[in-house]
Amino acid sequence: MPLGFRRDESDQLRLVIPHITFEEIVASCFDPIRRYGIGHIQIVLAMFDALRDAGECCRDPGRRRVLADHAVEIHREFEAQSGHSPPDVAKVERAFEQAMKLLERAA
C-alpha cells in the first residue's frame, strides 16, 4: 500500500495522510528561526549546535546533507550581514566548522 493511504478490510479508502519529507521537517524548524534570528549571535550559535546534535543522531548521508545545507545557508546569511564584532564572527566560524565537520563525515 502506498505511503499515506489507509484502507479498511473491504479495501475502502479511509484515510489519506500527507507525506512530509525530512527536508520539509528540517525547513519548517530552521527557516523561520534563521529568518528572524540571524542577527542574534546566540541564536546563530544555537542553530549550529542543533544541526550538529541532529547530525550526531542521523546515520543517513542524504539526511546529513540536508542538515549541512541548512548550516551553509545560516552561515551565508550571517556573513551577508555587516556589523558583527570580530569575536562574534570567530565564534560563528568555529561553530560552523564544527557542524560541517560532523555533518560531512561519512555516516
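Just above, that's the structure.
Residues numbered from 1 in each chain as written. Predicted model: local features only at pLDDT ≥ 70, side-chain atom pairs only at ≥ 80, totals over all residues. Heavy atoms only, no water.

**Re the pattern of salt bridges**
Then step 1. Using the criterion set out here, one finds 8 salt bridges in the structure.
Then step 2. In this structure, Asp 8 engages Arg 14 in a salt bridge whose closest nitrogen and oxygen atoms are separated by 2.8 Å.
Then step 3. Residue Glu 77 pairs with Arg 34 through a salt bridge whose shortest N-O separation is 2.9 Å. Taken together, the residues span a long stretch of sequence, with Glu 77 in helix α3 (residues 61-80) and Arg 34 in helix α1 (residues 22-37) at a distance of 43 residues. For the pair shown, Glu 77 and Arg 34 are each scored as buried. (Salt bridge = Lys/Arg side-chain N within 4 Å of Asp/Glu carboxyl O. Helix = DSSP H or I, 4+ residues; strand = E, 2+ residues; numbered from the N terminus. Buried < 20%, exposed > 50% of the residue type's maximum accessible area, 1.4 Å probe, protein only.)

**Section: the nonpolar core**
Then step 1. Core analysis: the largest hydrophobic core is formed by 23 residues, its most contacted members being Val 44, Phe 48, Leu 51, Ala 71, Ile 74, Val 92 and Leu 103.
Then step 2. Looking at this core, the elements with two or more residues in it are α1, α2 (41-57), α3 and α4 (86-104).
Then step 3. The element best represented in this core is α4, accounting for 7 residues.
Then step 4. Residue contacts for Ala 71: discarding those within four places in its chain leaves Phe 48, Leu 51, Phe 96, Met 100 and Leu 103. (Core = buried A, V, L, I, M, F, W, Y, C linked by side-chain atoms within 4.5 Å. Contact = heavy atoms within 4.5 Å.)

Treat this as a map of the structure, not an account of what it does.
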